[in-house]
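A closer look at the structure
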Amino acid sequence: DLQNIDYLFNVTDIADNSRESRKRTVSVDMTDPIINSFYYEVNGRRIELIFNINETNFNRITYIDYSDARPLKKTLCSSLRNGVCTKTISLKDGEHQIDFNVTDKVGNTATQNFSIFIDSIKPRITKTEPTRGFSNGEFYMEFKEANTVSLILKYGNNQTGMDSHELNINQDCIFDGRNYRCEKLIDLEDYDGQQIKYWFKLTDIVGQSDESSKRKVSVRLN
């Protein structure tokens, strides 16, 4: 393995006549390519991929996205620079299951499996209430985001301290076909008679977030 060899064929018939083929020299490669490292960086729908490969007889890196309606093999890199392949691909929003195959010139293969969820649309809080005046603990908000991970209401003041409450999307919100509308009653007894500020923070599945404007209201429970 990984050496040069000479080879030839010798053919002999029943009468002991024989003939040899021309001698040829070939390189032997029985070793699969080695993927030293695999790194990626997401920027919206664009994914920068960096492979560090150990392979003397490198051929190419190909990939198949099995989330496509018609998965096809595509070439990522056909050459390496100092053992590195750097390439950017674009993916649609949604879940992706991708196999990267590193092959050498005789067909030995190494595979890198890759799963990623793409969400290029940032979450957006479109409305919060109350906007001013008084609050008895009832808060309302609307947002646009299909892949919410967390929705947190932050509230309080310097006098009593800050607090937060995470809303349950399934229980505290309804979807009207376009927006999510959320209502939550918070126990503000510790802030009764005081002024507080509040805001919402919305985070999606890929870590993008939006915060509403900070609003000030006076707490009045009775």
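The following refers to the structure shown.

Criteria and cut-off values
Residues numbered from 1 in each chain as written. Predicted model: local features only at pLDDT ≥ 70, side-chain atom pairs only at ≥ 80, totals over all residues. Heavy atoms only, no water. Salt bridge = Lys/Arg side-chain N within 4 Å of Asp/Glu carboxyl O. Helix = DSSP H or I, 4+ residues; strand = E, 2+ residues; numbered from the N terminus. Buried < 20%, exposed > 50% of the residue type's maximum accessible area, 1.4 Å probe, protein only. Pairing = 2+ DSSP bridges. Axes fitted to C-alpha atoms, helices over the stretch in contact; angles between N-to-C directions. Contact = heavy atoms within 4.5 Å.

Topic: the pattern of salt bridges
On inspection of all chains with the given rule, the structure shows five salt bridges. The residue Arg181 makes a salt bridge to Asp176 at a minimum N-O spacing of 2.7 Å.

A short note on the side chain of Thr103
Along the polypeptide, Thr103 turns up in strand β10 (residues 94-104). The class for Thr103 is buried, based on a relative accessible area of 17%.

Regarding the sheet that holds strand β14 (residues 138-144)
Strand order across the open sheet formed by four strands is β12-β14-β18-β17, with antiparallel pairing between neighbours. In this open sheet, the two strands that pair with only one neighbour each are β12 (124-129) and β17 (173-175). In this sheet, neighbouring strand axes are inclined to one another by 20 degrees on average, regardless of whether the strands run parallel or antiparallel. Taken together, the five bridges between β12 and β14 define a ladder with antiparallel strand orientation. Pairing of Arg124 across the sheet is with Lys144, part of β14.

Overview of the environment of Ile64
One can find Ile64 in strand β7 (residues 58-65). With near-sequence residues (within four places) excluded, Ile64 lies in contact with Pro71, Leu72, Lys73, Gln97, Ile98 and Asp99.

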